[in-house]
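Descriptive structure summary
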Amino acid sequence: MPLLQLQHVKRIFADGKNNATLALKDISFTLNQGEFVAIMGESGAGKSTLLNIIATLDQPTNGKVILNNQDLTNFSEKKAAQFRREHLGFVFQNFNLLDTFNNRDNIFLPLVLTKHTYQDMQQRLTSLAQELAITDLLNRYPYEISGGQQQRIAIARALITHPDLLLADEPTGALDSHNSEKILHLFEKVNQQGQTILMVTHSPLAACYAQHILFIKDGIIYHELFRGNQNKNDYIQQITDNITALSKEEII
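What counts and what doesn't
- Residues numbered from 1 in each chain as written.
- Predicted model: local features only at pLDDT ≥ 70, side-chain atom pairs only at ≥ 80, totals over all residues.
- Heavy atoms only, no water.
- Core = buried A, V, L, I, M, F, W, Y, C linked by side-chain atoms within 4.5 Å.
- Buried < 20%, exposed > 50% of the residue type's maximum accessible area, 1.4 Å probe, protein only.
- Helix = DSSP H or I, 4+ residues; strand = E, 2+ residues; numbered from the N terminus.
- Phe/Tyr/Trp six-rings, centres within 6.5 Å; stacked < 30°, edge-to-face > 60°.
- Lys NZ or Arg CZ within 6 Å of the ring centre and 35° of its normal.
- 1 Å grid on protein atoms, 1.4 Å probe; cavity = no way out; pocket = protein on both sides within 12 Å on 5 of 7 lines; lining within 4 Å.
- Points joined across faces, edges and corners; volume = space filled by probe spheres on them.
- Nonpolar A, V, L, I, M, F, W, Y, C, P; charged D, E, K, R; others polar.
- Axes fitted to C-alpha atoms, helices over the stretch in contact; angles between N-to-C directions.
- Parallel < 35°, antiparallel > 145°, perpendicular 65-115°, else oblique.
- Left-handed = near helix turned anticlockwise from the far one by under 90°.
- Contact = heavy atoms within 4.5 Å.
- Polar contact = N/O pair within 3.5 Å; in protein donor to acceptor, adjacent residues only side chain to side chain.
- Expected span 1.5 Å × (residues − 1).
- Arc of directions from axis to C-beta.

Observations concerning the nonpolar core
- Within the largest apolar cluster, 46 residues are counted, with the highest numbers of intra-cluster contacts made by Ile107, Ile134, Ile155, Phe187, Met199, Ile213 and Ile239.
- The leading source of residues in this core is helix H5 (residues 147-159), at 6 residues.
- Listed in part, the 30 residues of the second largest apolar core include Phe29, Leu31, Ala45 and Ile216.

Side note on the packing of aromatic side chains
- Under the criterion given, the structure shown has 5 aromatic pairs.
- On the basis of an interplanar angle of 80° and a centroid distance of 5.8 Å, the ring pair of phenylalanine 108 and tyrosine 118 is categorised as edge-to-face. Taken together, the residues span a long stretch of sequence, with phenylalanine 108 in helix H3 (residues 103-113) and tyrosine 118 in helix H4 (residues 118-132) at a distance of 10 residues.
- What makes phenylalanine 108 buried here is its relative accessible area of 3%.
- The class for tyrosine 118 is exposed, based on a relative accessible area of 52%.
- On the numbers, 5.7 Å between centres and 20° between planes, the contact of tyrosine 141 with tyrosine 143 is stacked.
- By relative accessible area, which is 30% here, tyrosine 141 ends up partly exposed.
- Owing to a relative accessible area of 55%, tyrosine 143 belongs among the exposed residues under this scheme.
- Its end group placed over the ring of phenylalanine 13, arginine 11 keeps NZ or CZ at 4.1 Å from the ring centre.

A short note on unusual backbone geometry
- Not every positive phi belongs to a glycine, and phenylalanine 95 is a case in point at roughly 75°.
- Here phenylalanine 95 falls in the buried class, since its relative accessible area comes to 9%.
- Not every positive phi belongs to a glycine, and alanine 133 is a case in point at roughly 55°.
- By secondary structure assignment, the location of alanine 133 is in the loop between H4 and H5.

Things to note about empty space enclosed by the protein
- Going through the model one piece at a time under the given rule, you end up with 1 cavity of 30 Å³ or more.
- Estimates place the volume of the largest cavity at around 30 Å³.
- Together, Ile53, Thr56, Asp58, Gln59, Pro60, Val65, Leu72 and Thr73 line the largest cavity.
- Counted by class, the lining of the largest cavity contains 4 nonpolar, 3 polar and 1 charged residues.

Side note on the packing of H3 against H4
- Two elements in contact, H3 and H4, have axes whose closest approach is 10 Å; the angle formed by their N-to-C orientations is 125°. On the basis of their axis angle, the class for H3 and H4 is oblique. Here H3 and H4 pass one another in a crossing that is right-handed. Along the contact surface, H3 presents Arg104, Ile107, Phe108, Leu111 and Val112, while H4 presents Tyr118, Met121, Gln122, Arg124 and Leu125.

Things to note about the side chain of glutamine 150
- Following the sequence through the fold, glutamine 150 ends up in helix H5.
- In this structure glutamine 150 comes out as buried when scored by relative accessible area, which is 16%.
- Separated by 3.5 Å, the side chain of glutamine 150 and the backbone oxygen of isoleucine 145 make a polar contact.
- Aside from chain neighbours lying at most four places away, what touches glutamine 150 is Phe95, Leu97, Pro142 and Ile145.

So, the layout of surface pockets
- In this structure, the largest pocket spans a volume of roughly 350 Å³.
- In terms of lining residues, the largest pocket is bounded by 14 residues, among which Phe90, Phe92, Pro110, Leu113 and Arg157 are the most central.
- Taken together, the elements giving at least two residues each to the lining of the largest pocket come down to helix H2 (77-87), strand S6 (88-91), H3 and H5.
- If you add up the space inside the second largest pocket, you get close to 290 Å³.
- Forming the walls of the second largest pocket are 15 residues, and the residues nearest its centre are Leu159, His162, Val190, Gln193 and Gln195.

Some thoughts on helix H6 (residues 177-192)
- An ideal rise of 1.5 Å per residue puts 22 Å on 16 residues; H6 measures up with 22 Å between its terminal C-alpha atoms.
- Here H6 has its buried residues at Asn179, Ser180, Ile183, Leu184, Leu186, Phe187, Val190 and Asn191. Along the long axis of H6, the arc covered by the buried residues comes to 150°, so they all point the same way. Away from its buried face by more than 90 degrees, H6 exposes Ser177, His178 and Gln192.
- Backbone geometry just downstream of H6 places glycine 194 in the positive-phi region, at approximately 115°.

Function cannot be inferred from these measures alone, as they are strictly geometric.
See below:
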């Protein structure tokens, strides 16, 4: 069942001096409910611009973004902010936790903004904390825990709203390989439980956890890759081969 549809999305940035940059040329794809999709491409390919448009943090110059049958491109700033709080979850490279709040309150923050009761927040957190192995971290502060632990807190904050779509922007970019794999296993686990995930990454290891990969080049979807029944090592090798071929414009 389609959850997200992009239809001929184009984004041009102009500086007011007759200079224009074409960030996205023509992007169309469908993300189905329960899928885990990765977006890859070289720096400047348009990955972050695309994620910002889907997140309603930016508007396309042309085209449509439809999530749950709602056209996001017509939203006012106020409606877009409300939509983000109620329907989207975010995981960032640098965690974006508030050091003045303990970890519990960081996780609660999006529910506080939508005026949920404390009882409801605590009920949601109890099972989530066990699942993410963060129960003993809740009364501590972000600066008191490791990067990998901070990212688990950030994932809890993203998931506690029960989002339709989880958007992850280089979620392992600030982590070592050990903590990266822990975070990716968590993503795989919540996806298997039904959470739809769209992740931007430059890492073949991270991308191999997705069932479907979109390669972006020069503002278009240049190639797609599906895992199918491949084992992890073969899939990583195919991802790496395609990244190399993408840079040479010789997609295989």
